[in-house]
Amino acid sequence: MKKYFALLFSFFALIVYSQNEQLAIDYYEKGEFEKALTLLEQIASKQPSNYFYFQRVIDCYQQLEQFDKVEKAIEERKERYYHPLLLVDLGYNYHLQNQEEKAKKQFELALKAIEEQPDYAYQIGNNFEKKVLVEWALKAYETGTKGNPNLNFDYQIALLQGQSGNIELMTDKLLDFAYQRQENTPIVKNYLTRFISDEANETFLTYLKKALLIRTQKSQDIYWNQFLSWLYIQQKEFGKAFIQERAIYKRNPDSFDNIITLANLAIDDKQNEDAITILEFIIENANDLEWKVTAHTLLMKIKIDQAEKSDYPKIKEDLDLLLQQFNFNPYTLDLIKLVAHFDAFYINDTKAAIQLLNKVLELPFDYREKAKFKMELADILVYDEKFNQAILYYAQVEDNMKNDALAHEASMKMAKANYYKQDFDWTLQQVKVLKQSSSLLIANDAVELFLLIQDNSYEDSTRVALTAFSKADLLLYQNKESEALQSFLKILELNKGNSIEDETLLKIAIIYSKRKEHNKALEYYKLILDNHADGIFTDEALFFSAEIYRKELNDSESAKPLYEKMIFEHSDSIYFIEARKQFRILRGDSNT
């Protein structure tokens, strides 16, 4: 029984002790140094060899300006547990009292310790860093490297040079470190990415590009071409990135993966001219069926995106020839989906599209690929206004692909199908859940659909305007732009001042923008900004107006204040990051 009580007492004592440690650290981190010190002194006395708690005790003394206690504690510790880190601590204590000669003497003793034992360099240099003694930290790392050339402190030195404003030295050291220890290249790139996005200026980026170009010219190692390609991609200079990727391919013609990725990035950024150049290179040089088919498919997507109706017969002919050439196999799945999508949404041949997709669904592909084909089939059934059949396919994808991004996408599309068939109450139930989606785009779409239905149900219980809006939206989904535009204009005419007005203005502006009628688009975006400034579409109106001025009308002066307003008033918008980037470019902050 005595042993039991002794064990129980020890257990509770341990719990109390752990709680005191946590409480002490909490006080310390909150800056309540007097409260922290009382507990830390007790803990440190029970763990006299523990440098972690000793360090925090002297930090508290220094914050409370009890410098004599610091000196005494360090001298006592030097006698019991000597380590050259204590020289830095003591020197820093003198530094805080403006006793610079005494501080310098201790710091020089710490450097001498590194000369005698270079392995001390990391700990001592890091201790200088923590105390923001940048010049001494640099000396510590350089002394360590001089004593033992096998030690590499390029990364630490680079960051310290950056803090000191020596951008060129920082850049060179980071690149040297990345090359010598290539497993750390992602760390260097991550740091450079933050530096570019947060602190970028033309001088830095110019020097970084110059440094990389010099390395590609002096060395035959494709590492530098890859690094320079990465930098151009960060700048969205995909044509220049392709020059580097092409040079890599000539030395290592085994893979087109990076070049395919580059083409996709160019397509996503609407840099179609560069994308076409890249894809044509792949088609001309690739022997592997997968790369060849992928390049042809992406090229056809661009052609479809840029096509006028008069181009459709030729595009249809080209698609059919490609399908005939490559046939049905695991590499042509995206091509098959593209053919079906074009048949339905562009030439209104839903029968041929559905027949093609059903044929593919009979083949033995994996669940994920089948789910993608079911989604495409459901999309076409929505186009064909066969909503119930479409909803069944979306539900199958949702059920079979639980916790996958495809399941969330299917759920959103199912909600839209119910919206198009004017089952608004059921749509509301679905989008309530989807508002919490981990996908920002799906969550944003769900919120907009939820508010559209909710706002226009309160104001009009018969939902006349909402029903008309849903029909017009369906026409837009079916690529019937002219009919959709006329429907939205009619809704606007009949619902002046009603809650559905701002949604309608946005749809009209988007259609005009797509039709390259930019001044008309700007006119309707301005109506949103003038009459619905407190609505949920203000950020879209600001951002898309700015984009039209910048990209289509080459009017940077008109774009700049719109981006600026976005930044200061809509920091929660999904367009915020791009708006901030473009505003900085227009203001001349960087050459990104």
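Each remark here, short or long, concerns the structure printed above.
This write-up is about the structure you can find in this document. (Residues numbered from 1 in each chain as written. Predicted model: local features only at pLDDT ≥ 70, side-chain atom pairs only at ≥ 80, totals over all residues. Heavy atoms only, no water.)

Looking only at helices and strands, one finds 32 helices and zero strands in the protein. For the protein, whose C-alpha radius of gyration is 32 Å, the value lies well above the compact-globule estimate of 25 Å for 592 residues. Its C-alpha atoms give the protein principal-axis dimensions of roughly 90 × 65 × 65 Å. Expressed as a percentage of its 592 residues, the buried residues of the protein come to 46%. If you take every contact in the protein between residues at least 6 apart in sequence, the share linking residues at least 24 apart comes to 52%. When the accessible surface of the protein is summed, it comes to about 31400 Å², and 49% of that surface belongs to carbon and sulfur atoms. In the protein, 72 positive and 93 negative side-chain charges are present, and the distance between their average locations comes to 3 Å. (Helix = DSSP H or I, 4+ residues; strand = E, 2+ residues; numbered from the N terminus. Rg over C-alpha atoms; globule rule 2.2 N^0.38 Å. Buried < 20%, exposed > 50% of the residue type's maximum accessible area, 1.4 Å probe, protein only. Contact = heavy atoms within 4.5 Å. Areas by Shrake-Rupley, 256 points an atom, 1.4 Å probe, with all protein chains shown as cover. Lys, Arg positive; Asp, Glu negative; His and termini not counted. Charge placed at Lys NZ, Arg CZ, Asp CG, Glu CD.)

Turning our eyes to something else, we now look at the nonpolar core. Judged by nonpolar contacts, the single largest core of 99 residues is most densely connected at Leu 319, Ile 380, Val 382, Tyr 394, Tyr 419, Phe 488 and Tyr 525. Those residues in contact with Val 382 that lie beyond four places of it in its chain are Phe 387, Ala 390, Tyr 394, Ala 417, Tyr 420, Leu 474 and Tyr 477. Among the nonpolar cores identified, the runner-up in size contains 48 residues, and Met 170, Ala 178, Ala 211 and Phe 227 belong to it. (Core = buried A, V, L, I, M, F, W, Y, C linked by side-chain atoms within 4.5 Å.)

Summed over all chains, the structure comprises 29 salt bridges. A salt bridge links Lys 413 to Glu 409; its shortest N-O distance comes to 3.7 Å. One end of the pair, Lys 413, and the other, Glu 409, are both in helix H23 (residues 405-420), four residues apart, so they sit about a helical turn from each other. The residue Lys 526 makes a salt bridge to Asp 530 at a minimum N-O spacing of 2.7 Å. Taken together, the residues span about one helical turn, with Lys 526 and Asp 530 both in helix H29 (residues 518-531) at a distance of four residues. (Salt bridge = Lys/Arg side-chain N within 4 Å of Asp/Glu carboxyl O.)

On to unusual backbone geometry. Although it is not a glycine, Asn 98 sits at a positive phi angle of roughly 60°. Take Asn 98: it is sitting in the loop between helix H5 (85-96) and helix H6 (100-116). Even without glycine at this site, Lys 516 takes up a positive phi of about 65°. Summarising the element assignment, Lys 516 is placed in the loop between helix H28 (501-514) and H29.

Our next topic: the packing of aromatic side chains. Under the criterion given, the structure shown has 34 aromatic pairs. Judged by centre distance (5.4 Å) and plane angle (45°), the ring pair of Tyr 419 and Tyr 420 falls under tilted. Residue class for Tyr 419 comes out buried when judged on its relative accessible area of 0%. By way of ring pairs, the aromatic residues Phe 345, Tyr 383, Tyr 419, Tyr 420, Phe 424 and Tyr 477 are connected into one cluster. Of note, Lys 359 hangs over the ring of Phe 328, and the distance from its end group to the ring centre comes to 4.7 Å. (Phe/Tyr/Trp six-rings, centres within 6.5 Å; stacked < 30°, edge-to-face > 60°. Lys NZ or Arg CZ within 6 Å of the ring centre and 35° of its normal.)

It is worth spelling out the environment of Tyr 458 at this point. Topologically, Tyr 458 is positioned in helix H25 (residues 440-458). It is 9.7 Å that separates the C-alpha atoms of Tyr 458 and Ser 499, two residues lying 41 residues apart in sequence.

Turning next to H6. For H6, spanning 17 residues, the distance from its first C-alpha to its last is 24 Å, which sits close to the expected 24 Å at 1.5 Å a residue. Where H6 is concerned, the buried positions are Ala 103, Gln 106, Phe 107, Ala 110, Leu 111, Ala 113 and Ile 114. One face of H6 carries all of its buried residues, which in axial projection span an arc of 150°. H6 presents Glu 101, Lys 105, Glu 115 and Glu 116 as exposed residues on the side facing more than 90 degrees away from its buried surface. Those residues of H6 hidden inside the fold are in contact with H5, helix H7 (121-130) and helix H8 (134-147). (Expected span 1.5 Å × (residues − 1). Arc of directions from axis to C-beta.)

It is worth spelling out the packing of helix H14 (residues 238-251) against helix H16 (residues 272-285) at this point. Viewed as axis vectors pointing N to C, H14 and H16 meet at an angle of 20°, and their least axial separation amounts to 9 Å. Comparing their axes, H16 and H14 come out roughly parallel. As for how H14 packs across H16, the hand of that crossing is right-handed. Listed contacts from H16 to Phe 238, Gly 239, Phe 242, Arg 246 and Tyr 249 of H14 are Asp 274, Thr 277, Ile 278, Phe 281 and Asn 285. Considering only residue class, the contact of H14 with H16 consists of five nonpolar, three polar and two charged. (Axes fitted to C-alpha atoms, helices over the stretch in contact; angles between N-to-C directions. Parallel < 35°, antiparallel > 145°, perpendicular 65-115°, else oblique. Left-handed = near helix turned anticlockwise from the far one by under 90°. Nonpolar A, V, L, I, M, F, W, Y, C, P; charged D, E, K, R; others polar.)

So, on to the environment of Glu 503. With respect to the helices and strands, Glu 503 occurs in helix H28. Overall, Glu 503 belongs to the buried group, its relative accessible area being 6%. Separated by 390 residues in the primary sequence, Glu 503 and Ala 113 place their C-alpha atoms 71 Å from one another. Beyond its immediate chain neighbours, meaning those up to four positions away, Glu 503 contacts Leu 452, Asn 456, Phe 469 and Phe 537.

Its 13 residues give helix H19 (residues 333-345) an end-to-end C-alpha distance of 18 Å, which sits within 8% of 18 Å, the value for a rise of 1.5 Å per residue. Tucked inside the fold, the buried residues of H19 contact helix H17 (289-306), helix H18 (312-326), helix H20 (350-361), helix H21 (367-383) and helix H26 (464-477).

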